[in-house]
Amino acid sequence: MEKFSQNPTEIAGPTELLNREFEHRHIVEYHQLVQESYLKNFVTAGYEKIQPVDIASSYDKSTIFIGSSISTFKPMLEDYKIPECGAVVVQPCMRTQNKKNLYNDEVVPEYNSYFNIIGGIAPLNKTEDVCNHFTDYLRNDLNIDPSCLTIKINRDDMDLLQGVSNLGDIKIEMNTREPKYYRWIYGMEGISGRGLTYSVKNFNSGTNGDIGNIIIMDKGGKSVAVQWGFGVETILSRVFGKKYPIESSLIGQACFPKFETLIKFQDTLASVLEMFISKVKPGVHSAGCEQRDYLKGLSYLRRKFDITLEDVQECANKYLKLKGIIDQGAVEEMITYIVQHEKKVAQFSEIVLDLKKTSSTADVLKILENQAQRIAWTRQYHVNILEMKKIILSI
């Protein structure tokens, strides 16, 4: 999709973020401030800015989508070409962990499927510089009170402890989590990570929420680099005392005020649109399968919350406009898929209605439990098995 130019409304600089009430109409500007001030801070300090990659890029063959900033840096690491000055990026990311709960009405996504990371990589000898620099960025550029910051670390990681040894009044919390909390796996042979986590106190709830990590990467028992990544939406949600990062996301601005409280709907809609932006069409393989499943989930949520197709379309158009993207048929394709899918849902519902004229709900559920019948229904109606069960129970 093409982008058009925008002239964002002038608002307060980053140092005033905490001094203003949160306003949905300014979310796009909040994002710009966090991202641009981060890049300016590190580039001024000598770090090299690199370009992000598309979320559906094959840049990192260990994942379907780009799910973290390390995917952007893998070639540097594999070829031992990490810039001596370090490198930084603002990387869009997609993780599909929320898909498993699309039909679980009791679960609200804690984190976004689609999000942005401010991240970087540098030679190992810059570990302390990275820790100092990023902490200064949080305190000075984002105006986060040091008393609200906590760094969680494993006391066995002496190199990381040295990295945060000169941060003044920042609280250091050691070994309060399980050992695996401080360890990372990268999908690269022989490479693992040992990390620390920054958290920020939510001034509304009083609880600490994680915002990102600084990690030392080890290969073959030797430390080779320091890498970091922090979620833009997560930082903003902590800064403004929000419960969920989606509330500080562009989709939150696009869906406000009608669907402000529908966290899962917002997350699913943003995921579908971002996949379309990356030219991912619904299908049966790899990324296409993820798009198909999210589209079906979006249809389910639309019907559950009684959201009209017109409202879905309106939110989608607002979202693309906020991103400065000219729609080239993605919204129409999304709506068309939903309409066609819902015809299949209606057909399956009719089958269930007919069955229940002569069979109990328990008997129809037993039919669904039969693998051969379940596969036949899935192939004919393309309805998720969890929604099939809901339909059987509701009729």
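Residues numbered from 1 in each chain as written. Predicted model: local features only at pLDDT ≥ 70, side-chain atom pairs only at ≥ 80, totals over all residues. Heavy atoms only, no water.

(A) Region of the structure containing the nonpolar core. Membership of the largest hydrophobic core comes to 86 residues, with the highest contact counts inside it found for I118, Y198, W228, F265, L269 and M334. Sorting elements by how many residues they give to this core places helix α7 (residues 263–277) first, with nine residues. For L269, the residues in contact, after removing those within four places along its chain, are I251, C255, L298, V312, C315, A316 and M334. Grouped together as the second largest cluster of nonpolar side chains are 15 residues, I50, I121, Y186 and A225 included. (Core = buried A, V, L, I, M, F, W, Y, C linked by side-chain atoms within 4.5 Å. Buried < 20%, exposed > 50% of the residue type's maximum accessible area, 1.4 Å probe, protein only. Helix = DSSP H or I, 4+ residues; strand = E, 2+ residues; numbered from the N terminus. Contact = heavy atoms within 4.5 Å.)

(B) Inspection of the pattern of salt bridges at higher detail. Evaluation of the coordinates by the stated rule reveals 23 salt bridges. Salt-bridge contacts for K258 lead to D311; the nearest nitrogen and oxygen are separated by 2.8 Å. In this pair, K258 sits in the loop between α6 (250–255) and α7 while D311 sits in helix α9 (residues 309–322), placing the two residues 53 residues apart along the sequence. A relative accessible area of 56% means that K258 is categorised as exposed. Here D354 ties to K357 by a salt bridge, and the two come within 3.5 Å at their closest N and O atoms. Through salt bridges with shared partners, one network takes in D157, D159, R183, R194 and D218. (Salt bridge = Lys/Arg side-chain N within 4 Å of Asp/Glu carboxyl O.)

(C) Layout of the environment of Y294. Note that Y294 resides in helix α8 (residues 286–304). For the pair Y294 and S271, spaced 23 residues apart in sequence, the C-alpha separation works out to 7.3 Å.

(D) Inspection of the packing of aromatic side chains at higher detail. As enumerated under the stated definition, the model contains 19 aromatic pairs in all. Measuring from centroid to centroid gives 5.2 Å for F22 and F240, while their planes differ by 65°, and the two rings are edge-to-face. Of this pair, F22 sits in the loop between β1 (2–3) and α1 (27–44) while F240 sits in the loop between α5 (232–239) and α6; the two residues are 218 residues apart in sequence, bridging distant segments of the chain. Summarising the burial analysis for this pair, F22 and F240 share the class buried. Ring geometry for Y38 versus F42: centroids 4.9 Å apart, planes at 45°, classification tilted. With Y38 and F42 both in helix α1, this residue pair falls four residues apart, about one helical turn. Overall, the relative accessible area of 0% leaves F42 in the buried class. Members of the aromatic cluster, connected to one another through ring pairs, are Y38, F42, Y47, F134, Y137, Y198, W228 and F230. Over the aromatic face of Y181 sits the side chain of R177, whose NZ or CZ is 4.7 Å from the ring centroid. Between K304 and the ring centre of F305, over which it is positioned, the NZ or CZ distance is 5.4 Å. (Phe/Tyr/Trp six-rings, centres within 6.5 Å; stacked < 30°, edge-to-face > 60°. Lys NZ or Arg CZ within 6 Å of the ring centre and 35° of its normal.)

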